[in-house]
Amino acid sequence: MEIQIKNIETIREAAREFIENIGEHKVFAFYGKMGAGKTTFVKAICEELGVEDVITSPTFAIVNEYEVKLKSQSIFHFDFYRIKKLEEVYDMGYEDYFYSGSLCFIEWPELIEDLLPDDAVKVNIAENADGTRTVRW
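Since the structure is predicted, the reported quantities are computational estimates derived from the model, not experimental observations. (Residues numbered from 1 in each chain as written. Predicted model: local features only at pLDDT ≥ 70, side-chain atom pairs only at ≥ 80, totals over all residues. Heavy atoms only, no water.)

K.L.:
Teacher, can you tell me more about the pairing of strand 7 (residues 133–136) here?
P.N.:
Across four bridges, the pairing between strand 1 (residues 2–5) and strand 7 is antiparallel. Counterpart to Gln 4 in the pairing with strand 7 is Thr 134. Where strand 6 (residues 121–127) meets strand 7, four bridges bridge the pair, whose relative direction is antiparallel. Following the sheet pairing, Asn 124 is matched in strand 7 by Arg 136. (Pairing = 2+ DSSP bridges. Helix = DSSP H or I, 4+ residues; strand = E, 2+ residues; numbered from the N terminus.)

K.L.:
When you look at the pattern of salt bridges in this model, what are you seeing that I'm missing?
P.N.:
A side chain with one charge can pair with a side chain of the opposite charge if their charged atoms come near. For the structure on display, the rule yields six salt bridges. Put simply, Glu 2 and Arg 136 hold a salt bridge, and the shortest N to O gap is 2.7 Å. Placement of the pair is Glu 2 in strand 1 and Arg 136 in strand 7, with a sequence separation of 134 residues. With relative accessibility at 40%, the residue Glu 2 sits in the partly exposed group. Assessed through its relative accessible area of 42%, Arg 136 is described here as partly exposed. Taking the shortest distance from any N to any O, the salt bridge between Glu 48 and Arg 12 comes out at 2.5 Å. In this pair, Glu 48 is assigned in helix 2 (residues 38–49) and Arg 12 in helix 1 (residues 11–20), connecting sequence segments 36 residues apart. A relative accessible area of 24% places Glu 48 in the partly exposed class. (Salt bridge = Lys/Arg side-chain N within 4 Å of Asp/Glu carboxyl O. Buried < 20%, exposed > 50% of the residue type's maximum accessible area, 1.4 Å probe, protein only.)

K.L.:
Honestly, the nonpolar core in this entry has me stumped. Any pointers?
P.N.:
Most often, soluble globular proteins have nonpolar side chains that are buried together. The biggest cluster of nonpolar side chains holds 27 residues, and the ones touching the most others in it are Phe 18, Phe 28, Phe 30, Phe 41 and Phe 105. Put simply, the parts of the chain that give this core at least two residues each are strand 1, helix 1, strand 2 (27–31), helix 2, strand 3 (63–68), strand 5 (103–107) and strand 6. The element best represented in this core is helix 2, accounting for six residues. In this view, Phe 41 contacts Ile 5, Ile 11, Ala 14, Ala 15, Phe 18, Phe 30, Ile 125 and Val 135; residues no more than four positions away in its chain are not counted. Formed by 18 residues, the second largest nonpolar core is a distinct cluster that contains Ala 29, Phe 78, Tyr 94 and Cys 104. (Core = buried A, V, L, I, M, F, W, Y, C linked by side-chain atoms within 4.5 Å. Contact = heavy atoms within 4.5 Å.)

In structure tokens, the structure reads:
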């Protein structure tokens, strides 16, 4: 699957298209260079799912939990950019999140690749020369 994001004004439309195509999957690993738009796209997805909380990058917290009020469910948003060793991820109890049945959106998954569930969806976000973004999975 592939989605084009022409500009920031169309990101919510792209997020809706992404949501329409996630099926039963729960864990999504977002790959892309720094500045590619991973956090911005995850924020748009969460907003489209009905999250009313302030959505920010969990760079320092490693994981943020957002509540989808209409569905009484949680979404977990991870940023593993600052992880130095896998023991940190074990210590935070990653399995409780990844196998909870809740949606999990993971930034910088390449740093914990061995711990990703087998059915995790790998999502690549690339910035194109014209400033648009391409989302592929």
